[in-house]
Structure formats: C-alpha cells, structure tokens
Amino acid sequence: MRRFQTRAFPLILAALTALPSALPGAASAQDFPPVDQLPSQPGPPDPLVMFDGQRVTSPEQWRSERRPELIALFQHYMYGTTPPSPNHIEAKIVRVNRQALGGKATKKEVEITFPGAARPISLLVVVPNDGERPAPAFLGLNFCGNHTVMDDPSIAIPQMWVYDNCPGCQDNRATEAGRGGHVGRWPIEQCIDRGYAVATFYTGDIDPDTPQFADGIHPNFYKPGQTEPGKHEWGTIAAWAWGLQRALDYLVTDEAIDSSRIAVMGHSRCGKTALLVGALDDRVALVIPNQAGCGGTSPSRGDVGESVTRINTSFPHWFSDTFPEFNGREDRLPFDQHSLIALVAPRPVLLSNAQEDTWADPEGQFRMLQAADPVYRFLGVEGLKADAMPELGKLVDSRLGYYIRPGEHSVTPEDWKVFMDFADKNLPPASE
Ligand code: GCU
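Note that the structure is a prediction, hence the values are computed from the model and not measured.

### Observations regarding the environment of Pro-229
Part 1 of the argument: Its location among the elements puts Pro-229 in the loop between strand E6 (197-202) and helix H4 (236-251).
Part 2 of the argument: Residue Pro-229 is classed as buried on the basis of its relative accessible area, which comes to 8%.
Part 3 of the argument: Placed 91 residues apart in sequence, Pro-229 and Ser-320 show a C-alpha to C-alpha distance of 8.0 Å.
Part 4 of the argument: Setting aside residues up to four positions removed in sequence, Pro-229 forms contacts with Phe-213, His-218, Tyr-222 and Trp-234.

Dropping the structure here:
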C-alpha cells in the first residue's frame, strides 16, 4: 500500500492501484548488444517474435515475457530507462473552485511532490459537477502552462522557462497576458459538457524543453559524480512520461474520477509522450497521440517527413544518448513504432492526424497501426477495422482507431469532438 496525503483537506490515506505488471526495468537489458552488432531488419520487426528469434506462442507469454522485453528494448535503445516509481507521493490541493465554468465544474489545482521532484507538478483538474458517478478523464501535458488552457485569474503561472512562442511569453517567462491563450487546444468546457474530466500540467514541471538537463528532474537522480544522464538513461520524453505516471498516482485516488477510465491525450511531442506512457502503464485506459510523428507514432524506417537523424539533431535531449547511434541505420532498430502501439494492447489507441502535416507522416502512421493489429488479434480483441486510410474527416473507431482531417499541425475543438466520440465508444462505463 502506498501513501497519498493531502494537507489542505483532512488527511486521507488511500491505496494507489497496483502498478503495472510490466514496469520499466522489469526485464533485464544487460544482454542487449551494442547497436553495431544488431542485425539489419529493413522491414518493421514482428512484435510477436522475441529478441532471440523465438515466436510468441500464447497471450500469457506476450504478457509475461515479450511485453517486458519490448519495454526494456525501447528503454535501452531509444527513450532511456527511468528511475523506479516513488513509493509515495504527496498531493496537496492548493485551490478549489466548485463553481467553475458557470457552476458546471469543479476546478482544483493539485501540487504533487515525490522524492526527487525538481518542483511540484501543478496538476489542474477540472471535473463535471453533474456527474452521477465518477467521471472518465483526459490527462495530458500542456506546452505553455495551466494558465493558458483556461481563462481563470486564479490559476498559477509557471515560474520556469517556457517556449518563446507561448501566448504572453516574455524572455522565455510566462506572464498574465498568456491566460486563456490555449483554450482552443484544451476546450475544457466542451469536455465537461460531454461528461469528461480534464487533468493537465506543464511539461516544464518535470523538465523544461531545453537541450540540457540542469533545469529539470534529471540531476536529482544522478549518482555521485554524474553530470548528465547515462547512455541508456532517460531523455526528456521518458521523464515527461514518468511525470504523467505521477499524475496518474494522484488521479486514481481522486474520488471524482473513474480510475478505470483515464485516457491520455497529447499533441505532437506530448503525443509521443502519451503513447510512451500508455505503453508503459496499464492504468492508462486509452491513448490518443495526436499528430505525434517521428519518435512517436510514425515509422522510424519511414522516408516521409521527419527522420531519426533529423529529430536527434534538432532535439538531442528528447531520447537517450543511444538513439542517435541509429541515425542513418534505422534498419538496426529491433522494433519500430508499431511495437510501441502494440504495447498498449488490448487497450484502445487512436492515432489522429492532419492532411497537411506530412512532417508527421500520416500514411506511415496508418501502416504502424496495421502492423500493430496482429498483436491485438493475438490477444483476442478487435484491432484495426480498416484496410486502407479513411476519407478525410471520417473516424475509424475500432479499438485501433485512425483519423485524418484536412488542415495543418494543431489540435482543435473539432479534434476533441472526435477524441470524445472515440472514447464514448471505446471507454464505456463498466456497467455498459
Ligand atoms: C517539431 C518536431 C516534431 C514534434 C513537433 C511538435 O516539428 O520536429 O517531432 O512533434 O515539433 O512537438 O510540435
């Protein structure tokens, strides 16, 4: 049993749900060879074949052997390994408004701390008031601070580095002028109206997206003498995913939220992170990586849009220091991104895309879904019910879902409508 405390309210002791069976580090990685000794595999490697070439013969073997092995492979060669989950978190509700959005919702700001935190995670949680039972929720990282996703003067503004293109940003610092600047990306009222709660925090609470690690969580986990993450240790995307797991630690104890119906949604780099946390943590009931592209949902072996070499050059801190060894030799990767999707099985995944966002390779993403489909079927559940890319604006709402709309790289209220249509179908309440 792990401890969860809230200071502003009476002390609550609550058990957190059991951690996922295949936690990071569950399989040993010491036997994985150096990159230049990996065999060339020009096509996407079969997720149902073990690293030693043996075919997976039962769902039980998938769960107990192959899934932990694949997680270890992704961590060893691409995202980096993470520290173990802390054995307790502390959650302090610092502000509550029970009459938010004209009385339709309760808005809470929750500060989550844990051993090794660089600073608290400031989780904004907005829950519908009229729910007769705990609400399903969307959890996701935001790019510019909680104050940008809701126009509310009480929401705390991040004090650390933010992107210079964030609304209201001055000298890489957030200001009052940014309030409500991203409500279009986070149409919270629309979610509340459809019965969904929303929980989000700024990526910088874990690690600001700068190409060094000094300003985030990483240094707090260095061994004596260490000055940067080791060759196989976590980059920024793995750290963000680990931070989402801390938000989950809290959310599964929040009585207003249905802990069995938490979806993780993320846009672009936060979509890469959404898929990773969905792959690692089976408390995530549904995953929506929106336009996540290279290093997320599109093939590393693809030749459209962003390449492995390019992403490792532009964003050297996102992955571990081992991933650049695959630059120009992606055929050596012992997986492709369909295997990350398959790690979510049997839980639902929706890949959503925009026609003009060729940088994120929408066609390649569809191929990744097709290649993940055999794992879903092997586990006895529906996979992808489409033989070809759907028409623009038409949702494929099978358990492996796909959507592409006209327009460019962004996330819009219309996209959220599709996310909720997909969640209505694929994340029904337990009694239905
Ligand atoms: C860049 C990057 C992508 C990323 C995107 C984003 O375009 O190359 O990999 O997904 O930024 O996060 O918006």
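### A look at the packing of aromatic side chains
Part 1 of the argument: For the coordinates displayed, the defined rule picks out 20 aromatic pairs.
Part 2 of the argument: Centre to centre, the rings of Trp-161 and Tyr-163 are 5.1 Å apart; their planes meet at 65°, and the pair counts as edge-to-face.
Part 3 of the argument: Assessed through its relative accessible area of 12%, Tyr-163 is described here as buried.
Part 4 of the argument: A ring pair is formed by Trp-186 and Trp-416, whose centres lie 5.5 Å apart and whose planes are at 45°; its orientation type is tilted. Of this pair, Trp-186 sits in the loop between strand E5 (135-142) and helix H3 (188-193) while Trp-416 sits in helix H9 (residues 413-426), and the two are 230 residues apart along the sequence. In this structure, Trp-186 and Trp-416 share a single accessibility class: buried.
Part 5 of the argument: An aromatic cluster is built from Phe-32, Phe-51, Phe-74, Tyr-77, Tyr-79, Phe-319, Phe-323, Phe-326 and Phe-335, whose rings are joined through pairwise contacts.
Part 6 of the argument: Here the basic side chain of Arg-185 rests over the ring of Phe-143, its NZ or CZ set 5.2 Å away from the ring centre.
Part 7 of the argument: Across the ring face of Trp-242, the terminal group of Arg-246 is positioned such that the distance to the ring centre comes to 4.6 Å.

### Structural notes on the side chain of His-338
Part 1 of the argument: Within the secondary structure, His-338 is located in helix H7 (residues 337-342).
Part 2 of the argument: A polar side-chain atom of His-338 sits 2.8 Å from the main-chain carbonyl oxygen of Pro-45.
Part 3 of the argument: If near-sequence neighbours (up to four positions away) are discounted, His-338 is found in contact with Pro-44, Pro-45, Pro-47, Met-368, Ala-371 and Ala-372.

### Quick word on the site of the ligand
Part 1 of the argument: Taken together, Ser-268, Arg-269, Lys-272, Glu-306, Ile-311, Phe-315, Trp-318, Trp-359 and His-409 make up all the residues around the ligand.
Part 2 of the argument: The side chain of Lys-272 places a nitrogen or oxygen atom 2.8 Å from an oxygen atom of the ligand.
Part 3 of the argument: Notes on the ligand: free accessible area 320 Å², of which the protein chains cover 82%.
Part 4 of the argument: Residues belonging to the shell around the ligand are distributed by class as follows: four nonpolar, two polar and three charged.

### So, the state of the cysteines
Part 1 of the argument: Across all of its chains, the model carries one disulfide by this definition.
Part 2 of the argument: Linked covalently through their sulfurs, Cys-144 and Cys-166 form a disulfide whose S-S length is 2.0 Å. One quick way to see it: the torsion about the S-S bond of Cys-144 and Cys-166 is about -80°, and its sign makes the bridge left-handed. Highlighted residues: Cys-144 in the loop between E5 and H3 and Cys-166 in the loop between E5 and H3, separated in sequence by 22 residues.
Part 3 of the argument: Given the relative accessible area of 5%, Cys-144 is considered buried.
Part 4 of the argument: Assessed through its relative accessible area of 5%, Cys-166 is described here as buried.
Part 5 of the argument: Cys-270 supplies the cysteine sulfur nearest to Cys-191, a cysteine that is in no disulfide, at a spacing of 16 Å.
Part 6 of the argument: Counting only cysteine sulfurs, Cys-144 is the nearest neighbor of Cys-270, a cysteine outside any disulfide, at a range of 9.5 Å.

### Here's the deal with the packing of H4 against helix H5 (residues 269-280)
Part 1 of the argument: With their axes 9 Å apart at the nearest point, H4 and H5 run at an angle of 60° to one another. The orientation of H4 relative to H5 falls into the category oblique. The way H4 lies across H5 gives a crossing that is right-handed. Judged by residue contacts, Ile-237, Ala-238, Trp-240, Ala-241, Leu-244 and Gln-245 of H4 engage Arg-269, Lys-272, Thr-273, Leu-276 and Val-277 from H5.
Part 2 of the argument: Partitioning the contact of H4 with H5 into residue classes produces seven nonpolar, two polar and two charged.

About the criteria used
Residues numbered from 1 in each chain as written. Predicted model: local features only at pLDDT ≥ 70, side-chain atom pairs only at ≥ 80, totals over all residues. Heavy atoms only, no water. Helix = DSSP H or I, 4+ residues; strand = E, 2+ residues; numbered from the N terminus. Buried < 20%, exposed > 50% of the residue type's maximum accessible area, 1.4 Å probe, protein only. Contact = heavy atoms within 4.5 Å. Phe/Tyr/Trp six-rings, centres within 6.5 Å; stacked < 30°, edge-to-face > 60°. Lys NZ or Arg CZ within 6 Å of the ring centre and 35° of its normal. Polar contact = N/O pair within 3.5 Å; in protein donor to acceptor, adjacent residues only side chain to side chain. Near = heavy atom within 4 Å. Areas by Shrake-Rupley, 256 points an atom, 1.4 Å probe, with all protein chains shown as cover. Nonpolar A, V, L, I, M, F, W, Y, C, P; charged D, E, K, R; others polar. Disulfide = S-S within 2.5 Å. Axes fitted to C-alpha atoms, helices over the stretch in contact; angles between N-to-C directions. Parallel < 35°, antiparallel > 145°, perpendicular 65-115°, else oblique. Left-handed = near helix turned anticlockwise from the far one by under 90°.

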